[in-house]
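Residues per chain are reported as follows:
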Amino acid sequence: MLVTIPLLFLFLGVLQVGFALHVRNTLTACAADGARLGADADRGPGDAQAAARACIDGALSARLVQSVSAGLEGGGTVMAVRVTATLPVLGPLGPAKAISVTGHAVEESAL
């Protein structure tokens, strides 16, 4: 009994960290995918935003996402997609409840 309780908290802590890393990596990948699609020669920020949101909706719960925004940075040469979402917390000792990630891609130009 003396070992079980600390071991349970350790297990839940490792599970929470693993789950938070999974959510962060998935959001980062979706933001980068959206930025790459939006950086195509005939695409724009609206396409990047829609692609990132569709990727997130397919991989995670849509309830987690607070906002998805896209725009050009660096003088119009870099497409950036920023995703802000809440982290699902397993217990009261979890990480911060919000995360923000950004994906970038170099803007292509039509020849």
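Each chain carries its own residue numbering, running from 1 in the direction its sequence is written. For a predicted model such as this one, the threshold for reporting local features is a pLDDT of at least 70, and the threshold for listing and counting side-chain atom pairs is 80 or more; totals across whole chains, interfaces and linings nevertheless cover every residue. Only heavy atoms go into the side-chain values, all of them from the structure, while hydrogens and water stay out.

1. Notes on the pairing of strand β1 (residues 65–73)
The criterion, for reference: A pair of strands is labelled paired if DSSP reports no fewer than 2 bridges between them. Strands here mean DSSP runs of E at least two residues long; helices mean DSSP runs of H or I at least four residues long; both are numbered from the N terminus.
Relative to strand β2 (residues 78–86), β1 runs antiparallel, the two being bridged by eight bridges. Counterpart to S67 in the pairing with β2 is T84. Linking β1 to β2, which pair antiparallel, is a turn of four residues; within it G74 sits at a positive phi near 65°.

2. Description of the environment of T26
Counted only if it meets this: Contact criterion: two residues are considered in contact whenever any of their non-hydrogen atoms come within 4.5 Å of each other.
As for its position among the elements, T26 is in helix α1 (residues 4–38). Beyond its immediate chain neighbours, meaning those up to four positions away, T26 contacts A59 and L60.

3. Details of the nonpolar core
Note the threshold: Only buried Ala, Val, Leu, Ile, Met, Phe, Trp, Tyr and Cys residues count toward a nonpolar core, and they belong to the same one when joined by side-chain atoms within 4.5 Å. Per-residue accessibility, obtained with a 1.4 Å probe over protein chains only, is compared with the maximum for each type, and a residue is labelled buried under 20%, exposed over 50%, and partly exposed between these values.
Counting residues in each nonpolar core, the largest one holds 22 residues, and the members touching the most others are L27, I56, V68, V81, V83 and I99. Elements that contribute at least two residues to this core include exactly α1, α2 (45–59), β1, β2 and β3 (98–106). Top contributing element to this core by residue count: α1, with six residues. Those residues within four positions of V81 in sequence are excluded, and the remaining contacts are A31, G34, A35, A48, A52, V68, S69, A70, V101, T102 and G103.

4. Quick look at α1
Cut-off, in case you're wondering: Multiply 1.5 Å by the residue count of a helix minus one, and that product is the helix's expected span.
Between its first and last C-alpha atoms α1 spans 51 Å; for 35 residues at 1.5 Å apiece the expected length is 51 Å, and the two agree. For α1, the set of buried residues is Q16, A20, V23, T26, L27, C30, A31, A32, G34, A35 and G38. Those residues of α1 hidden inside the fold are in contact with α2, β2 and β3.

5. Re the environment of L87
The topology assignment puts L87 in the loop between β2 and β3. For L87, a relative accessible area of 10% gives the class buried. Spatially, the C-alpha atoms of L87 and L64 are 7.0 Å apart, while their sequence positions differ by 23 residues.

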